[in-house]
Structures are given as C-alpha cells and as structure tokens.
Amino acid sequence: MIRHGGQLSLLRDRYPEAPEPLIDLSTGINPFSYKLPPIPETAYTRLPEEAHTGRLREAAASAYGARGPEFVAVASGTQLLISSLPRMFPAARVSVLSPTYGEHAAVWAAAGAGVAEVSTLQALEDGDVAVLCNPNNPDGRAFDAAAIGELAARKARHGGRLIVDEAFAEFAEAGLSAAPLLPRPGLMVLRSFGKAYGLAGLRLGFLVADEDVVDRVARALGPWPVSGVAIHVACRALADSGWRRDTALRLARAGARLDALIADYGLDAVGGTSLFRLVRHGNAPALANSLGRAGILVRGFDERPDWLRFALPPDEDAWSRLEAALATGPRP
C-alpha cells in the first residue's frame, strides 16, 4: 500500500490529544480554493449530456494551451487516468523518472510491465513507455517543454510513448507545459484540476493527447466520465484567467513566507513547487511526531526518512500553529 498525504483520520487516531482543528500540510492541494459558483439543481438531477462534456473539453483546451477540444479527454481525477492507462496501452518495459509519485510505477508493475525507476531524462529513452512528473513531486525538479518535446520525439521514433504528469504545473513558469506541443505521436499530458483549484474532492482530471488516444480513452471510460457538478464548476473556473493570475501571486507570497519560516528553524530546503516545499531534517520522524502532537500533518517518505514535505498553510491560525510547533520541535 502506497502512503499518500491527507490522512487526517490517522493523525487523530495516533494523537488523540492533538488540538482541533487538525491542519493538513501533507498534500499538494492549493489551500486557496476557487470560490464555488451557484450550482443549478439540474447538475445533480440530470445526467450530463455530450454537449456539456464538450464545453468542459473546450474550457480545458483553452486553459491548458491545447490546440482544440478534440485533444482533451476528461475523467474523474487524474488518478483514474494513471490507473487506467496501463490497461489501455499495455507495455512490456516502462521507465519512470524517480523519486516521484509512487502510483506511476505501481500501476504499471501491477499490469505486468517491467518497471525501471531511473534518475535522468536520458534514461527514459529506454523502454516502451516513459513516465515523468513535471514539475516533479516531491522535489520540484522541472524540464522545459523543449526538452520534453525532444524526448517525446525520440520515443516516438521507436514506437514508444511518453506520459507527462503535470499535476503541479498550473502556476509554474511559462514554457513548462508540454500540452501546447500536441498533437505529437506518443505524447500524453495529464492535468489535475483538483490540486490547482483546491477542489480535490470534486474529482476531475484531464488527458491531453493525440485524437486517437483521446478517443480510445473516452471509449474506455464510457459515458458520463465526470459529474454534472464537476462540469459546471470547472467550466467557470477554467475560464477565470484573473483568478489564476491572482492566485499565482498569492501562492508565490505564501511560498516565500514558508521558505523564510523553514530557514528560521534550520530546515534544509531540498526543493518544491508552487504548492509545497520539501525539506531535509536530521531527525525528520521526530519532527513529524512533534508536529502531529500539535495537530499538524506533514508528509514523510519511507524511502527517504530524512525528508518531509510541507504544504502551504491556509490561514493565519495555521501559520501561527506551525511556527509554534517548529519552535518547540527537535532541531536538525
């Protein structure tokens, strides 16, 4: 079982005396969520029509720089797509740029592929399918679109595929996303709506790819791949360029504040993205326990016990409690 962030119930079980409210800093979900618009009753009472899904694909294509809605497939979260792709596009040999989101290697291995976890972009040229996160979770390693395009071209020359998970690309610098490169043989791009818009419970994600891939994914997922509520909210949110611009600035300010706080208490910054920071600590499990007793959940890593990932606190109370917990916690 892969350990993920967001398990507040486990934190409560482990630290029953921790103060309320519990603060979840273990995920990479935007703490400044998009304000929900009024939702019509029909979004709950009627099945979504193809025209509604079509409008969602148009909104996503425009927001992500795709050349048209025909290059976009929709699903109830990128995790569903990640889990489904090995069955839709079986492969014997898969290379995954690691360390990264653990589900990528796990789902391909479960489908019977031989999975090699590699550490360089060049090593991804081996195998039938290559997978990378850009920017990467958890260390924030990033590659520009030109480098992604070159790798995709090299994979395609041998009939291979390149899957790029852009779950944390929404507020990254311009030129990072590979979505505008499409259509391009063998290239697939995943985009997460829930992380970027702080609405993870809505369960919505997108695949940007060639038309034949999009059609194959749409057939596999069947009718009504997402809810009417998700369609209504996302069409409004994806068209709101002002919110994205303002939120990018807000996240940058919060990130700088977290960087300063981390530095004040001697934590060694390893990397991160606009939605989280990764730090190194000489006694990271003890620090995580100290934070847990204070009602604050951070993300640890079994394979790297000296690492902790901190999401951005959502409000001033969370900032104050985090600073107080770091002040009384173990030093590196």
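Refer to the structure presented above.
Colleague: Sorry, what's going on with the environment of K195 here?
Modeller: Within the fold, K195 resides in helix α7 (residues 193-197). Here K195 falls in the partly exposed class, since its relative accessible area comes to 25%. Placed 105 residues apart in sequence, K195 and G300 show a C-alpha to C-alpha distance of 19 Å. Apart from residues no more than four positions distant in its own chain, K195 is found in contact with G28, I29, N30, A167, F168 and L275.

Colleague: Looking at this structure, I do not really get empty space enclosed by the protein. What am I missing?
Modeller: The gaps of empty space that remain are located by a probe, the size of a water molecule, rolled over the atoms. Overall, the coordinates contain two cavities of 30 Å³ or more when judged by the stated rule. Taken as a whole, the largest cavity encloses approximately 40 Å³ of empty space. Forming the walls of the largest cavity are I82, L85, H104, V107, W108, I163 and L190. Elements that contribute at least two residues to the lining of the largest cavity include exactly α4 (78-88) and α5 (103-110). The dominant element in the lining of the largest cavity, judged by the number of residues it contributes, is α5, at three residues. Within this model, the second largest cavity holds a volume of roughly 30 Å³. Along the walls of the second largest cavity sit Y265, L267, H281, L287, L326, P330, R331 and P332, which together make up its complete lining. Here the lining of the second largest cavity is composed, by residue class, of six nonpolar, one polar and one charged.

Colleague: How do you make sense of the pairing of strand β4 (residues 114-118) when you look at a structure like this?
Modeller: Successive side chains on a regular strand alternate, one facing one side of the sheet and the next facing the other. Direction of pairing for strand β3 (residues 93-97) relative to β4: parallel, over a ladder of five bridges. Of the residues in β4, the one forming a bridge with L97 is V118. Handedness of the crossover joining β3 and β4 through α5 is recorded here as right-handed.

Colleague: Just to check I follow, could you spell out the packing of aromatic side chains for this structure?
Modeller: Aromatic ring pairs: the centre-centre distance and the angle between the two ring planes describe each pair. Applying the stated criterion to the full structure yields eight aromatic pairs. When the centroid spacing of 5.1 Å and the interplanar angle of 85° are considered together, the rings of F168 and F276 count as edge-to-face. You can see F168 sitting in the loop between β6 (161-165) and β7 (187-192) and its partner F276 sitting in strand β10 (residues 276-280), a full 108 residues away along the chain. The pair F168 / F276 is uniform in exposure class, with both members buried. Where F301 meets W307, the ring centres are 6.0 Å apart and the plane angle is 90°; that geometry is what we call edge-to-face. Among the aromatic residues, ring-to-ring pairing joins Y34, F171, F193, Y197 and W243 into one connected group. A cation over an aromatic ring shows up here: R250 above the ring of F32, its NZ or CZ 3.9 Å from the ring centre. Residue placement shows R309 over the ring face of F276; its charged tip is 5.1 Å from the ring centre.

Colleague: Even after reading the chapter, I still don't get the pattern of salt bridges, so can you show me in this structure?
Modeller: Tallying each qualifying case throughout the model produces 10 salt bridges. Here R277 ties to D259 by a salt bridge, and the two come within 2.7 Å at their closest N and O atoms. Residue R277 is located in strand β10, and its partner D259 is located in helix α10 (residues 241-264); the two are separated by 18 residues in the primary sequence. Given the relative accessible area of 33%, D259 is considered partly exposed. Residue R280 pairs with D268 through a salt bridge whose shortest N-O separation is 2.4 Å. Placement of the pair is R280 in strand β10 and D268 in strand β9 (residues 268-273), with a sequence separation of 12 residues. A residue is classified by how much of its surface remains accessible, and R280, at 33% relative accessible area, is partly exposed. Salt bridges here are not isolated pairs; linked through shared partners, they connect D268, R280, R304 and D306.

Rules behind the numbers
Residues numbered from 1 in each chain as written. Predicted model: local features only at pLDDT ≥ 70, side-chain atom pairs only at ≥ 80, totals over all residues. Heavy atoms only, no water. Helix = DSSP H or I, 4+ residues; strand = E, 2+ residues; numbered from the N terminus. Buried < 20%, exposed > 50% of the residue type's maximum accessible area, 1.4 Å probe, protein only. Contact = heavy atoms within 4.5 Å. 1 Å grid on protein atoms, 1.4 Å probe; cavity = no way out; pocket = protein on both sides within 12 Å on 5 of 7 lines; lining within 4 Å. Points joined across faces, edges and corners; volume = space filled by probe spheres on them. Nonpolar A, V, L, I, M, F, W, Y, C, P; charged D, E, K, R; others polar. Pairing = 2+ DSSP bridges. Right-handed = clockwise from strand over helix to strand, strands pointing away. Phe/Tyr/Trp six-rings, centres within 6.5 Å; stacked < 30°, edge-to-face > 60°. Lys NZ or Arg CZ within 6 Å of the ring centre and 35° of its normal. Salt bridge = Lys/Arg side-chain N within 4 Å of Asp/Glu carboxyl O.

None of the figures reported here should be taken as evidence of function without further support.
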